[in-house]
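These are the residues of each chain, in order.
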Amino acid sequence: MLDRKVVRLSAFFRVPSWVLPLWLIFSFCSIFSLLMWQQSTGAGLNIFDTLISLPTLLILAPLMIRRGMIGRGFLLPSAPLLLYLLFTLVSMAWAIAPDYSKTFRAAGQVLAIFILFSYLRFSGNTPLLKRALMLACISTAVIGAWHLVVVYGLLQMPWETTLYDGGRIAEMERYGVKPINSMLATLLVAPQAAMLLGLIIDEDHKGFRALGLVALAVLLLFLVALERRTGQVSILVAIIACIILYRNRFWYTVFGLAVIVSATVLIVVPEFILSRGLSWRPAIWLSTLDSIAHSPFLGHGITNRVTPVTVFNDEVGVVEHFRHPHNMALSIAYFLGIAGLSLWFLIWVPGLLRKLQQRAESQREGYIVITLLVGVAALMFDGGDPLSPFHFDWFCFWVPAMLLLSSQAVTGQQLGDGRDISLVARLFPPFKNEQV
(Lines give C-alpha, C1' and ligand atoms only; values in the text may rest on other atoms or scores of the structure.)
Protein backbone atom coordinates (compact mmCIF):
# COMPACT_ATOMS: atom_id res chain seq x y z
CA MET A 1 0.00 0.00 0.00
CA LEU A 2 2.76 2.37 0.97
CA ASP A 3 4.67 1.45 -2.19
CA ARG A 4 1.64 2.32 -4.35
CA LYS A 5 1.26 5.73 -2.76
CA VAL A 6 4.96 6.45 -3.26
CA VAL A 7 4.74 5.38 -6.93
CA ARG A 8 1.71 7.63 -7.49
CA LEU A 9 3.45 10.54 -5.78
CA SER A 10 6.62 10.07 -7.85
CA ALA A 11 4.52 9.88 -11.03
CA PHE A 12 2.78 13.12 -10.05
CA PHE A 13 6.11 14.88 -9.62
CA ARG A 14 7.70 13.21 -12.66
CA VAL A 15 10.17 15.53 -14.36
CA PRO A 16 9.61 16.10 -18.11
CA SER A 17 12.31 14.54 -20.30
CA TRP A 18 13.40 17.91 -21.70
CA VAL A 19 14.34 19.38 -18.31
CA LEU A 20 17.64 17.51 -17.88
CA PRO A 21 19.08 18.44 -21.33
CA LEU A 22 17.95 22.05 -20.97
CA TRP A 23 19.37 22.40 -17.47
CA LEU A 24 22.62 20.66 -18.37
CA ILE A 25 23.32 22.62 -21.56
CA PHE A 26 22.38 25.97 -20.02
CA SER A 27 24.44 25.28 -16.87
CA PHE A 28 27.52 24.08 -18.73
CA CYS A 29 27.45 26.96 -21.22
CA SER A 30 27.12 29.42 -18.34
CA ILE A 31 29.81 27.86 -16.17
CA PHE A 32 32.41 27.31 -18.90
CA SER A 33 32.26 30.97 -19.95
CA LEU A 34 31.37 32.41 -16.53
CA LEU A 35 34.83 33.69 -15.63
CA MET A 36 35.04 35.61 -18.92
CA TRP A 37 31.95 37.74 -18.31
CA GLN A 38 31.24 37.77 -14.57
CA GLN A 39 32.98 40.69 -12.87
CA SER A 40 32.40 39.57 -9.26
CA THR A 41 34.15 36.46 -7.90
CA GLY A 42 31.54 36.03 -5.17
CA ALA A 43 28.68 36.31 -7.64
CA GLY A 44 30.40 33.77 -9.90
CA LEU A 45 30.63 31.24 -7.08
CA ASN A 46 26.96 31.80 -6.24
CA ILE A 47 26.02 31.18 -9.87
CA PHE A 48 28.06 27.96 -9.89
CA ASP A 49 26.40 26.72 -6.71
CA THR A 50 22.93 27.65 -7.93
CA LEU A 51 23.33 25.97 -11.31
CA ILE A 52 25.48 22.96 -10.39
CA SER A 53 26.19 22.31 -6.70
CA LEU A 54 22.74 22.64 -5.14
CA PRO A 55 20.74 20.70 -7.78
CA THR A 56 23.37 17.95 -7.81
CA LEU A 57 23.83 17.55 -4.07
CA LEU A 58 20.17 18.00 -3.16
CA ILE A 59 18.51 16.09 -6.03
CA LEU A 60 20.89 13.86 -7.97
CA ALA A 61 22.93 12.56 -5.01
CA PRO A 62 19.82 11.34 -3.09
CA LEU A 63 18.51 9.90 -6.37
CA MET A 64 21.70 7.88 -6.84
CA ILE A 65 21.36 6.58 -3.29
CA ARG A 66 17.71 5.60 -3.75
CA ARG A 67 18.51 3.76 -6.98
CA GLY A 68 21.35 1.81 -5.39
CA MET A 69 24.00 3.23 -7.69
CA ILE A 70 26.59 3.75 -4.96
CA GLY A 71 28.14 0.39 -4.13
CA ARG A 72 31.54 -1.12 -3.51
CA GLY A 73 32.40 -1.03 -7.21
CA PHE A 74 31.69 2.70 -7.25
CA LEU A 75 33.32 3.60 -3.95
CA LEU A 76 36.66 1.85 -4.52
CA PRO A 77 37.68 3.97 -7.56
CA SER A 78 36.26 7.03 -5.76
CA ALA A 79 38.35 6.43 -2.63
CA PRO A 80 41.39 8.57 -3.66
CA LEU A 81 39.13 11.56 -4.29
CA LEU A 82 37.20 11.14 -1.04
CA LEU A 83 40.41 10.68 0.95
CA TYR A 84 42.02 13.69 -0.75
CA LEU A 85 39.05 15.91 0.08
CA LEU A 86 38.94 14.60 3.65
CA PHE A 87 42.67 15.04 4.18
CA THR A 88 42.51 18.56 2.76
CA LEU A 89 39.76 19.52 5.19
CA VAL A 90 41.59 17.91 8.12
CA SER A 91 44.82 19.73 7.19
CA MET A 92 43.21 23.02 8.18
CA ALA A 93 43.73 21.86 11.78
CA TRP A 94 47.47 22.62 11.50
CA ALA A 95 47.27 25.43 8.94
CA ILE A 96 47.85 29.06 9.88
CA ALA A 97 44.64 31.14 9.62
CA PRO A 98 42.82 28.91 7.08
CA ASP A 99 39.71 30.10 5.27
CA TYR A 100 37.27 27.40 6.39
CA SER A 101 34.30 28.54 4.31
CA LYS A 102 36.28 28.62 1.05
CA THR A 103 37.80 25.19 1.61
CA PHE A 104 34.54 23.49 2.57
CA ARG A 105 32.83 25.18 -0.36
CA ALA A 106 35.56 23.96 -2.71
CA ALA A 107 35.22 20.38 -1.45
CA GLY A 108 31.46 20.52 -1.96
CA GLN A 109 31.81 21.87 -5.49
CA VAL A 110 34.32 19.20 -6.52
CA LEU A 111 32.09 16.49 -5.06
CA ALA A 112 29.12 17.98 -6.92
CA ILE A 113 30.66 17.76 -10.38
CA PHE A 114 31.87 14.23 -9.65
CA ILE A 115 28.34 13.18 -8.68
CA LEU A 116 26.87 15.02 -11.67
CA PHE A 117 29.16 13.30 -14.18
CA SER A 118 28.60 9.94 -12.47
CA TYR A 119 24.81 10.30 -12.53
CA LEU A 120 24.81 11.17 -16.23
CA ARG A 121 26.83 8.05 -16.99
CA PHE A 122 24.68 5.83 -14.77
CA SER A 123 21.47 7.11 -16.38
CA GLY A 124 22.71 6.50 -19.94
CA ASN A 125 23.16 10.20 -20.72
CA THR A 126 26.81 10.09 -21.76
CA PRO A 127 25.97 11.38 -25.30
CA LEU A 128 24.10 14.28 -23.69
CA LEU A 129 27.11 14.98 -21.46
CA LYS A 130 29.43 15.13 -24.46
CA ARG A 131 27.07 17.34 -26.44
CA ALA A 132 26.67 19.71 -23.48
CA LEU A 133 30.45 19.90 -23.06
CA MET A 134 30.89 20.70 -26.75
CA LEU A 135 28.29 23.47 -26.66
CA ALA A 136 29.90 24.83 -23.48
CA CYS A 137 33.31 25.07 -25.17
CA ILE A 138 31.65 26.72 -28.17
CA SER A 139 30.02 29.28 -25.89
CA THR A 140 33.46 30.17 -24.52
CA ALA A 141 34.71 30.54 -28.09
CA VAL A 142 31.84 32.94 -28.88
CA ILE A 143 32.79 35.21 -26.00
CA GLY A 144 36.47 34.86 -26.89
CA ALA A 145 35.69 35.89 -30.47
CA TRP A 146 33.92 39.00 -29.21
CA HIS A 147 36.94 39.90 -27.07
CA LEU A 148 39.23 39.55 -30.09
CA VAL A 149 36.92 41.68 -32.24
CA VAL A 150 36.76 44.42 -29.60
CA VAL A 151 40.50 44.56 -28.86
CA TYR A 152 41.90 44.18 -32.39
CA GLY A 153 38.91 45.43 -34.38
CA LEU A 154 36.86 48.09 -32.64
CA LEU A 155 39.73 49.44 -30.52
CA GLN A 156 42.20 48.89 -33.38
CA MET A 157 45.06 47.72 -31.21
CA PRO A 158 48.00 46.30 -33.21
CA TRP A 159 48.22 42.50 -33.36
CA GLU A 160 51.62 42.71 -31.64
CA THR A 161 49.84 43.89 -28.49
CA THR A 162 49.06 41.12 -26.04
CA LEU A 163 45.35 40.58 -25.55
CA TYR A 164 43.91 42.75 -22.72
CA ASP A 165 47.11 44.85 -22.56
CA GLY A 166 47.43 48.39 -23.82
CA GLY A 167 45.95 50.35 -20.91
CA ARG A 168 42.48 50.84 -22.44
CA ILE A 169 40.57 48.85 -19.85
CA ALA A 170 37.73 51.37 -19.54
CA GLU A 171 37.09 51.20 -23.29
CA MET A 172 37.12 47.39 -23.23
CA GLU A 173 34.62 47.32 -20.38
CA ARG A 174 32.37 49.68 -22.30
CA TYR A 175 32.02 46.95 -24.92
CA GLY A 176 31.36 44.31 -22.27
CA VAL A 177 34.89 42.86 -22.29
CA LYS A 178 36.25 41.82 -18.91
CA PRO A 179 40.07 42.12 -19.03
CA ILE A 180 41.62 38.92 -17.62
CA ASN A 181 45.13 38.18 -16.47
CA SER A 182 46.77 36.40 -19.40
CA MET A 183 47.98 33.50 -17.23
CA LEU A 184 44.47 32.85 -15.87
CA ALA A 185 42.91 33.23 -19.31
CA THR A 186 45.33 30.58 -20.63
CA LEU A 187 44.37 28.18 -17.83
CA LEU A 188 40.73 28.56 -18.88
CA VAL A 189 41.01 28.49 -22.66
CA ALA A 190 43.80 25.93 -23.26
CA PRO A 191 42.00 22.94 -21.66
CA GLN A 192 38.69 23.92 -23.25
CA ALA A 193 40.36 24.01 -26.66
CA ALA A 194 41.82 20.56 -25.93
CA MET A 195 38.41 19.25 -24.86
CA LEU A 196 36.77 20.66 -27.96
CA LEU A 197 39.43 19.02 -30.14
CA GLY A 198 38.75 15.62 -28.58
CA LEU A 199 34.99 16.03 -28.89
CA ILE A 200 35.28 17.03 -32.56
CA ILE A 201 37.33 13.91 -33.31
CA ASP A 202 34.55 11.72 -31.87
CA GLU A 203 31.66 13.77 -33.34
CA ASP A 204 29.55 12.10 -36.03
CA HIS A 205 27.19 14.99 -36.77
CA LYS A 206 28.66 17.06 -39.64
CA GLY A 207 26.99 20.27 -38.54
CA PHE A 208 28.30 20.11 -34.97
CA ARG A 209 31.72 19.07 -36.23
CA ALA A 210 31.91 22.11 -38.53
CA LEU A 211 30.71 24.42 -35.76
CA GLY A 212 33.26 22.88 -33.40
CA LEU A 213 36.09 23.42 -35.88
CA VAL A 214 35.25 27.11 -36.21
CA ALA A 215 35.10 27.45 -32.41
CA LEU A 216 38.42 25.59 -32.06
CA ALA A 217 40.06 28.00 -34.52
CA VAL A 218 38.83 30.92 -32.41
CA LEU A 219 40.19 29.40 -29.18
CA LEU A 220 43.57 28.73 -30.80
CA LEU A 221 43.70 32.31 -32.08
CA PHE A 222 42.80 33.46 -28.58
CA LEU A 223 45.74 31.49 -27.13
CA VAL A 224 48.11 33.00 -29.69
CA ALA A 225 46.87 36.49 -28.81
CA LEU A 226 47.59 35.86 -25.12
CA GLU A 227 51.25 35.18 -26.01
CA ARG A 228 51.77 32.82 -23.07
CA ARG A 229 54.28 30.04 -23.50
CA THR A 230 51.98 27.87 -21.41
CA GLY A 231 49.44 28.16 -24.22
CA GLN A 232 52.07 27.28 -26.81
CA VAL A 233 53.14 24.24 -24.79
CA SER A 234 49.49 23.23 -24.42
CA ILE A 235 49.01 23.14 -28.19
CA LEU A 236 52.06 20.91 -28.58
CA VAL A 237 50.92 18.61 -25.73
CA ALA A 238 47.47 18.27 -27.33
CA ILE A 239 49.05 17.15 -30.61
CA ILE A 240 51.31 14.64 -28.83
CA ALA A 241 48.28 13.32 -26.88
CA CYS A 242 46.43 12.76 -30.17
CA ILE A 243 49.43 10.89 -31.57
CA ILE A 244 49.46 8.59 -28.51
CA LEU A 245 45.68 8.05 -28.58
CA TYR A 246 44.91 7.72 -32.28
CA ARG A 247 48.26 6.67 -33.80
CA ASN A 248 47.57 7.70 -37.37
CA ARG A 249 49.44 9.50 -40.11
CA PHE A 250 47.34 12.67 -39.83
CA TRP A 251 48.60 13.49 -36.33
CA TYR A 252 52.18 12.66 -37.24
CA THR A 253 51.85 15.20 -40.06
CA VAL A 254 50.29 17.80 -37.76
CA PHE A 255 53.14 17.32 -35.30
CA GLY A 256 55.70 17.79 -38.05
CA LEU A 257 54.00 20.99 -39.20
CA ALA A 258 53.86 22.27 -35.60
CA VAL A 259 57.60 21.70 -35.24
CA ILE A 260 58.28 23.55 -38.52
CA VAL A 261 56.06 26.49 -37.52
CA SER A 262 57.67 26.68 -34.05
CA ALA A 263 61.16 26.63 -35.55
CA THR A 264 60.19 29.34 -38.06
CA VAL A 265 58.75 31.58 -35.34
CA LEU A 266 61.85 31.01 -33.21
CA ILE A 267 64.07 32.12 -36.09
CA VAL A 268 61.95 34.98 -37.47
CA VAL A 269 60.30 36.34 -34.31
CA PRO A 270 62.30 34.87 -31.40
CA GLU A 271 60.93 37.35 -28.87
CA PHE A 272 57.47 35.76 -29.28
CA ILE A 273 58.83 32.72 -27.43
CA LEU A 274 61.97 33.92 -25.64
CA SER A 275 61.00 37.45 -24.53
CA ARG A 276 60.09 36.44 -20.96
CA GLY A 277 63.17 34.31 -20.33
CA LEU A 278 62.56 31.66 -17.64
CA SER A 279 60.01 33.91 -15.85
CA TRP A 280 61.61 33.19 -12.46
CA ARG A 281 60.31 29.61 -12.54
CA PRO A 282 63.52 27.83 -11.37
CA ALA A 283 63.98 30.28 -8.50
CA ILE A 284 60.33 29.97 -7.45
CA TRP A 285 60.46 26.17 -7.51
CA LEU A 286 63.72 26.01 -5.52
CA SER A 287 62.29 28.36 -2.90
CA THR A 288 59.15 26.21 -2.65
CA LEU A 289 61.20 23.03 -2.30
CA ASP A 290 63.07 24.63 0.58
CA SER A 291 59.75 25.41 2.30
CA ILE A 292 58.42 21.90 1.66
CA ALA A 293 61.46 20.45 3.48
CA HIS A 294 60.22 22.03 6.74
CA SER A 295 57.09 19.83 6.73
CA PRO A 296 57.47 17.19 4.05
CA PHE A 297 54.95 14.51 5.06
CA LEU A 298 51.74 16.32 6.06
CA GLY A 299 52.51 19.76 4.66
CA HIS A 300 51.70 23.13 6.16
CA GLY A 301 47.93 22.70 5.89
CA ILE A 302 45.65 24.25 3.32
CA THR A 303 44.59 27.86 3.87
CA ASN A 304 42.92 29.08 0.66
CA ARG A 305 44.66 32.36 1.34
CA VAL A 306 47.52 33.88 -0.61
CA THR A 307 50.76 32.37 0.71
CA PRO A 308 53.54 34.23 -1.08
CA VAL A 309 56.64 32.45 -2.33
CA THR A 310 59.70 34.53 -1.53
CA VAL A 311 62.76 34.39 -3.78
CA PHE A 312 66.03 35.26 -2.06
CA ASN A 313 69.43 36.28 -3.29
CA ASP A 314 72.54 35.78 -1.14
CA GLU A 315 73.79 39.28 -1.92
CA VAL A 316 70.59 41.33 -2.13
CA GLY A 317 68.27 39.38 0.18
CA VAL A 318 64.61 39.25 -0.81
CA VAL A 319 64.37 39.73 -4.55
CA GLU A 320 60.73 39.07 -5.40
CA HIS A 321 57.42 37.74 -4.02
CA PHE A 322 55.05 35.49 -5.98
CA ARG A 323 51.47 34.51 -5.16
CA HIS A 324 52.06 30.76 -5.48
CA PRO A 325 54.69 28.22 -6.61
CA HIS A 326 53.54 28.21 -10.26
CA ASN A 327 53.55 24.42 -10.15
CA MET A 328 50.59 22.35 -8.98
CA ALA A 329 52.61 19.39 -7.71
CA LEU A 330 54.88 21.64 -5.63
CA SER A 331 51.89 23.59 -4.34
CA ILE A 332 50.17 20.41 -3.17
CA ALA A 333 53.41 19.15 -1.61
CA TYR A 334 53.76 22.45 0.27
CA PHE A 335 50.22 22.55 1.66
CA LEU A 336 49.47 18.81 1.97
CA GLY A 337 52.87 17.15 1.97
CA ILE A 338 53.81 13.84 0.41
CA ALA A 339 50.58 12.30 1.75
CA GLY A 340 48.37 14.77 -0.10
CA LEU A 341 50.50 14.63 -3.25
CA SER A 342 50.22 10.83 -3.33
CA LEU A 343 46.42 11.00 -3.07
CA TRP A 344 46.32 13.65 -5.80
CA PHE A 345 48.26 11.40 -8.16
CA LEU A 346 45.98 8.46 -7.33
CA ILE A 347 42.94 10.48 -8.39
CA TRP A 348 44.00 10.65 -12.02
CA VAL A 349 47.19 8.77 -12.89
CA PRO A 350 45.83 5.16 -12.77
CA GLY A 351 42.79 6.06 -14.88
CA LEU A 352 44.90 8.02 -17.33
CA LEU A 353 47.28 5.11 -17.82
CA ARG A 354 44.34 2.78 -18.51
CA LYS A 355 42.95 5.15 -21.14
CA LEU A 356 46.35 5.51 -22.80
CA GLN A 357 46.67 1.74 -23.07
CA GLN A 358 43.38 1.34 -24.97
CA ARG A 359 43.54 0.47 -28.65
CA ALA A 360 43.19 3.43 -31.00
CA GLU A 361 40.00 2.06 -32.62
CA SER A 362 38.29 1.65 -29.22
CA GLN A 363 38.96 5.16 -27.95
CA ARG A 364 35.66 6.74 -26.94
CA GLU A 365 36.82 9.19 -24.28
CA GLY A 366 39.91 10.67 -25.86
CA TYR A 367 38.56 14.14 -25.14
CA ILE A 368 39.07 13.50 -21.41
CA VAL A 369 42.66 12.30 -21.88
CA ILE A 370 43.64 15.22 -24.14
CA THR A 371 42.11 17.76 -21.76
CA LEU A 372 43.73 16.25 -18.69
CA LEU A 373 47.19 16.01 -20.29
CA VAL A 374 46.98 19.61 -21.53
CA GLY A 375 45.62 20.81 -18.20
CA VAL A 376 48.25 19.08 -16.08
CA ALA A 377 51.00 20.36 -18.39
CA ALA A 378 49.70 23.92 -17.96
CA LEU A 379 49.49 23.50 -14.19
CA MET A 380 53.13 22.43 -14.03
CA PHE A 381 54.00 26.01 -15.03
CA ASP A 382 51.12 28.09 -13.66
CA GLY A 383 49.15 25.99 -11.14
CA GLY A 384 48.88 27.04 -7.52
CA ASP A 385 45.74 25.92 -5.64
CA PRO A 386 45.41 22.34 -4.30
CA LEU A 387 41.69 22.81 -3.63
CA SER A 388 39.98 26.11 -4.27
CA PRO A 389 36.39 27.05 -5.10
CA PHE A 390 35.51 27.21 -8.79
CA HIS A 391 38.26 29.13 -10.57
CA PHE A 392 40.19 29.30 -13.85
CA ASP A 393 42.39 26.30 -13.10
CA TRP A 394 39.36 24.04 -12.60
CA PHE A 395 39.25 23.40 -16.34
CA CYS A 396 42.86 22.20 -16.23
CA PHE A 397 42.30 19.59 -13.56
CA TRP A 398 39.03 19.20 -11.65
CA VAL A 399 36.72 19.07 -14.67
CA PRO A 400 38.72 16.49 -16.71
CA ALA A 401 39.81 14.56 -13.60
CA MET A 402 36.21 14.19 -12.42
CA LEU A 403 35.14 13.11 -15.91
CA LEU A 404 37.86 10.46 -15.83
CA LEU A 405 37.16 9.32 -12.27
CA SER A 406 33.39 9.14 -12.81
CA SER A 407 34.01 6.90 -15.83
CA GLN A 408 36.10 4.56 -13.68
CA ALA A 409 33.64 4.57 -10.78
CA VAL A 410 30.56 3.91 -12.92
CA THR A 411 32.34 1.16 -14.85
CA GLY A 412 33.46 -0.40 -11.57
CA GLN A 413 29.92 -0.39 -10.23
CA GLN A 414 28.45 -1.78 -13.44
CA LEU A 415 31.00 -4.59 -13.58
CA GLY A 416 30.26 -5.43 -9.97
CA ASP A 417 26.47 -5.18 -10.39
CA GLY A 418 24.97 -8.45 -9.22
CA ARG A 419 28.10 -9.47 -7.32
CA ASP A 420 28.01 -6.74 -4.69
CA ILE A 421 25.00 -4.91 -3.35
CA SER A 422 25.22 -1.24 -2.49
CA LEU A 423 25.63 -0.76 1.25
CA VAL A 424 23.45 2.32 1.00
CA ALA A 425 20.82 0.34 -0.92
CA ARG A 426 20.74 -2.23 1.87
CA LEU A 427 19.84 0.48 4.33
CA PHE A 428 17.49 2.31 1.96
CA PRO A 429 16.21 -0.21 -0.64
CA PRO A 430 14.88 1.44 -3.82
CA PHE A 431 11.09 1.40 -4.33
CA LYS A 432 9.79 -1.05 -6.89
CA ASN A 433 8.71 0.48 -10.19
CA GLU A 434 10.17 3.79 -9.09
CA GLN A 435 10.19 6.39 -11.89
CA VAL A 436 11.80 9.77 -11.54
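Worth saying up front: this structure is predicted, and the values here are computed from it rather than measured. (Residues numbered from 1 in each chain as written. Predicted model: local features only at pLDDT ≥ 70, side-chain atom pairs only at ≥ 80, totals over all residues. Heavy atoms only, no water.)

Draft legend 1. How the structure looks around unusual backbone geometry. Phi at Q156 takes a positive value of approximately 55°, unusual for a residue other than glycine. For Q156, the position within the fold is in the loop between α6 (126-154) and α7 (169-174). Looking at Q156, the relative accessible area reads 66%, which means it is exposed. Even without glycine at this site, R247 takes up a positive phi of about 50°. Mapped onto the fold, R247 is located in the loop between α10 (229-246) and α11 (249-268). (Helix = DSSP H or I, 4+ residues; strand = E, 2+ residues; numbered from the N terminus. Buried < 20%, exposed > 50% of the residue type's maximum accessible area, 1.4 Å probe, protein only.)

Draft legend 2. Representation of the side chain of T103. Relative to the helices and strands, T103 resides in helix α5 (residues 100-122). On the basis of relative accessible area, T103 is assigned to the buried category, the value being 0%. Not counting residues up to four positions away in its chain, the partners in contact with T103 are T88, L89, M92, I302, T303, N304 and L387. (Contact = heavy atoms within 4.5 Å.)

Draft legend 3. Quick look at the packing of helix α4 (residues 72-91) against α5. Taken N-terminus to C-terminus, the directions of α4 and α5 make an angle of 170°; their axes are 10 Å apart at the nearest point. Judged on the interaxial angle alone, α5 and α4 are roughly antiparallel. Within the contact between the two elements, α4 uses F74, S78, L81, L82, L85, T88 and L89 and α5 uses T103, F104, A107, V110, L111, F114, S118 and F122. Here the contact of α4 with α5 is built from residues that sort into 11 nonpolar, 4 polar and no charged. (Axes fitted to C-alpha atoms, helices over the stretch in contact; angles between N-to-C directions. Parallel < 35°, antiparallel > 145°, perpendicular 65-115°, else oblique. Nonpolar A, V, L, I, M, F, W, Y, C, P; charged D, E, K, R; others polar.)

Draft legend 4. Just a nonpolar patch on the surface, in detail. A cluster of nonpolar residues, L83, L86, V90, W94, F297, L298 and I338, forms a patch on the protein surface that exposes about 670 Å² of accessible area. With 3 residues, the single largest contributor to the nonpolar patch is α4. Tracing the backbone shows L298 in the loop between α13 (281-292) and β1 (309-313). (Patch = residues over 30% accessible without salt bridge, like charges linked within 9 Å, V, L, I, M, F, W, Y side chains within 5 Å. Areas by Shrake-Rupley, 256 points an atom, 1.4 Å probe, with all protein chains shown as cover. Salt bridge = Lys/Arg side-chain N within 4 Å of Asp/Glu carboxyl O.)

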